[in-house]
Amino acid sequence: MGIYQQLGLKQVINASGKMTALGGSAVHPEVARAMGEAGMDYVEISELIEKAGKLIAEATGGEDGCPTAGAGAGIAISVAAVIAGTDLRLIERLPDSAGLKNKIILQKGHAVHFGASLRQMVALGGGQAIEAGHANHVEEAHLRAEIDEQTAALLFVQSHHAVQKGMQSLETMIQLGRDHKVPVIVDAAAEEDLRRYVAMGADLVIYSGGKAIGGPTSGFITGRKDLIEACRAQYKGVGRAMKTGKEAIVGLLSALARYSQAAGHGGEWRDRAERLAQELNQLSGLSASVVKDEAGRDIYRTHVRIDERESGFSAKEVIRLLEKGDPAVFTRNHYANTGVIFIDPRPLHEGQEKVIAARFKEIWDNRK
Ligand SMILES: *Cc1c(COP(=O)(O)O)cnc(C)c1O
């Protein structure tokens, strides 16, 4: 019996992605072992954090790195770092930043909700989030007009959560940052490419450890040496409320080492998504195919379109029945209102595609 079933909780099959609501990632046994060992001994935390920073820098091409409790914490800490730097009096005063350079400029289509509000993470770090332009249309002039003496940084969100059309590119944001001598922070929480945004010239880049990398609940910031030093310094301030323990740091490093060695999994995911699509296509009133990630990452998912008239189910009804069953199956439901369910092969354990296909068939067979 699984550890969660011992607690009386039902088994969950995660076909939705790396979702915080389902526990992020299920780590590799090697990562779990590293975390267990880390938890059973002592270490000087400041040394561990510095060493972790060096390894993060190697894996990402940054000058230095800083482990965090997650990408949300990474945003708050990065913002605190660009506002307070390494000045202890300011660090201890945040998030009260009255009178300091505290404006964080972002595009309106980037003011996302990822399970919590990005603006709130900015506020936790003492930043005042200023949205430039419109939800679906931002011009360079909108951004330029918002940048003034009170601007502490520009923030770019690289994510499927963000509006993809009508926004200014990261290249433009970086150029604006250079022109006005303000740092550019990139929230790349779920991105697979750990080097790209640093290489493009971003000053701080934030990742989640529990998403693409498949690590434990954790995160990190990589980038410019002086700013990373300021990030670490925030652990004497607002960072303390988001402290990351030795187990999480060691688990993150272990996952990072495995991730850096692993080749792209795109092909394997495509095959699994393909097999599941074939099985599901045997049901009537449903058509399954394989599609690439909407944000262009090397991720393939099974796209299931439910024809309500022929199947007798709406997509939302299918989702409800899948989640209600035991094991409960959680799919990716951003497009449910258009009759589409996505199944993400990445978090599935071996053989769980078959369980999902069987659950669909059961639901179809039990139709009245
Ligand atoms: C998931 C996510 C976050 C938060 O990451 P955590 O590691 O869960 O704190 C922040 N920004 C974006 C764009 C995300 O997708």
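These numbers come from a predicted model, not from an experiment.

A. Region of interest: the pattern of salt bridges. Enumeration over the complete set of coordinates arrives at 21 salt bridges. The shortest N-O distance in the salt bridge between Glu140 and Arg144 comes to 2.8 Å. Note that Glu140 and Arg144 are positioned in helix H7 (residues 140–146) at a spacing of four residues, about one turn of the helix. Put simply, Asp179 and Arg144 hold a salt bridge, and the shortest N to O gap is 3.5 Å. Taken together, the residues span a long stretch of sequence, with Asp179 in helix H8 (residues 170–180) and Arg144 in helix H7 at a distance of 35 residues.

B. Structural view of the sheet that holds strand S5 (residues 151–157). Across the sheet, which stays open at both edges, the seven strands sit in the order S2-S8-S7-S6-S5-S3-S4 with mixed pairing between neighbours. In this open sheet, the two strands that pair with only one neighbour each are strand S2 (64–68) and strand S4 (128–132). Across the sheet, the mean angle separating the axes of adjacent strands is 25° when strand polarity is ignored. Across five bridges, the pairing between strand S7 (residues 204–208) and strand S8 (residues 219–223) is antiparallel. Following the sheet pairing, Leu204 is matched in S8 by Gly223. Packing of helix H4 (residues 71–84) onto the sheet brings it into contact with S2, strand S3 (103–107), S5, strand S6 (184–187), S7 and S8, and relative to S7 it is tilted by some 160°. Where helix H10 (residues 225–233) meets the sheet, its contacts fall on S2, S7 and S8, and the angle it forms with S2 comes to roughly 25°.

C. Quick look at helix H2 (residues 29–39). Buried residues of H2: Val31, Ala34 and Ala38, and no others. Seen end-on, H2 carries its buried residues on one side only, within an arc spanning 60°. Across H2 from its buried face, at more than 90 degrees, point the exposed residues Pro29, Arg33 and Glu37. Where H2 is buried, its residues meet helix H11 (246–261).

D. Structural context of the sheet that holds strand S12 (residues 340–343). The strand order across the open sheet built from three strands is S9-S10-S12, with neighbouring strands paired in antiparallel fashion. Among the strands making up the open sheet, the edge pair consists of strand S9 (286–292) and S12. Averaged over all pairs of adjacent strands, the angle between their axes in this sheet comes to 25°, without regard to strand direction. Relative to S12, strand S10 (residues 300–306) runs antiparallel, the two sharing four bridges. Paired with Val304 across the two strands is Ile341, which belongs to S12. In the packing of helix H14 (residues 315–324) onto the sheet, the strands contacted are S10 and S12, and the crossing angle to S12 comes to about 40°.

E. The arrangement of the domain arrangement of the protein chain in detail. Considered domain by domain, the protein chain is made up of domain 1 (3–22 + 264–365) and domain 2 (43–261). Domain 1 and domain 2 are separated by 32 Å when their C-alpha centres are compared. On the side of domain 2, eight residues touch domain 1, which itself brings nine residues to the contact. Both sides of the domain 1 and domain 2 interface together cover about 740 Å² of buried area, and 49% of this is carbon and sulfur. Among the residues of domain 1 in contact with domain 2, Lys18, Ala295 and Arg297 are the three that bury the most area, contributing 64% of the side total. Our enumeration of links across domain 1 and domain 2 arrives at zero salt bridges.

F. Local environment of the environment of Asp96. Here Asp96 is to be found in the loop between helix H5 (88–93) and S3. Side-chain polar atoms of Asp96 contact the backbone nitrogen of Ala98, separated by 3.1 Å.

G. Layout of the UniProt feature "modified residue: N6-(pyridoxal phosphate)lysine" (unreviewed entry) in the protein chain. In the UniProt entry, the feature "modified residue: N6-(pyridoxal phosphate)lysine" (unreviewed entry) is given for Lys211. Counting through the fold element by element, Lys211 comes out in the loop between S7 and S8. If we skip the residues at most four places from it in the chain, Lys211 touches Lys18, Ser25, Ala189 and Ala190.

H. Summary view of the nonpolar core. Val82 and Val186 are the most contacted members of the largest nonpolar core, which has 77 residues in total. The element best represented in this core is H4, accounting for 11 residues. Contacts of Val186, omitting those with residues within four sequence positions, involve Phe156, Gln158, Leu170, Tyr197, Ala202, Leu204, Val205 and Ile206.

I. How the structure looks around the packing of aromatic side chains. According to the stated counting rule, one finds four aromatic pairs in the structure shown. With a centroid separation of 4.9 Å and 50° between ring planes, the pair formed by Phe313 and Trp364 is classed as tilted. Of this pair, Phe313 sits in the loop between helix H13 (308–311) and H14 while Trp364 sits in helix H15 (residues 352–365), and the two are 51 residues apart along the sequence. The exposure class of Trp364 is buried, given its relative accessible area of 3%. Among the aromatic residues, those joined into a ring-pair cluster are Phe313, Phe360 and Trp364. When the ring centre of Tyr300 is taken as origin, the NZ or CZ atom of Arg270, which lies over that ring, is 4.4 Å away.

What counts as what
- Residues numbered from 1 in each chain as written.
- Predicted model: local features only at pLDDT ≥ 70, side-chain atom pairs only at ≥ 80, totals over all residues.
- Heavy atoms only, no water.
- Salt bridge = Lys/Arg side-chain N within 4 Å of Asp/Glu carboxyl O.
- Helix = DSSP H or I, 4+ residues; strand = E, 2+ residues; numbered from the N terminus.
- Pairing = 2+ DSSP bridges.
- Axes fitted to C-alpha atoms, helices over the stretch in contact; angles between N-to-C directions.
- Contact = heavy atoms within 4.5 Å.
- Buried < 20%, exposed > 50% of the residue type's maximum accessible area, 1.4 Å probe, protein only.
- Arc of directions from axis to C-beta.
- Domains from an automatic or database assignment.
- Buried area = accessible area lost by both parts, 1.4 Å probe.
- Polar contact = N/O pair within 3.5 Å; in protein donor to acceptor, adjacent residues only side chain to side chain.
- UniProt positions renumbered as here; feature names shortened; annotations may be inferred.
- Core = buried A, V, L, I, M, F, W, Y, C linked by side-chain atoms within 4.5 Å.
- Phe/Tyr/Trp six-rings, centres within 6.5 Å; stacked < 30°, edge-to-face > 60°.
- Lys NZ or Arg CZ within 6 Å of the ring centre and 35° of its normal.

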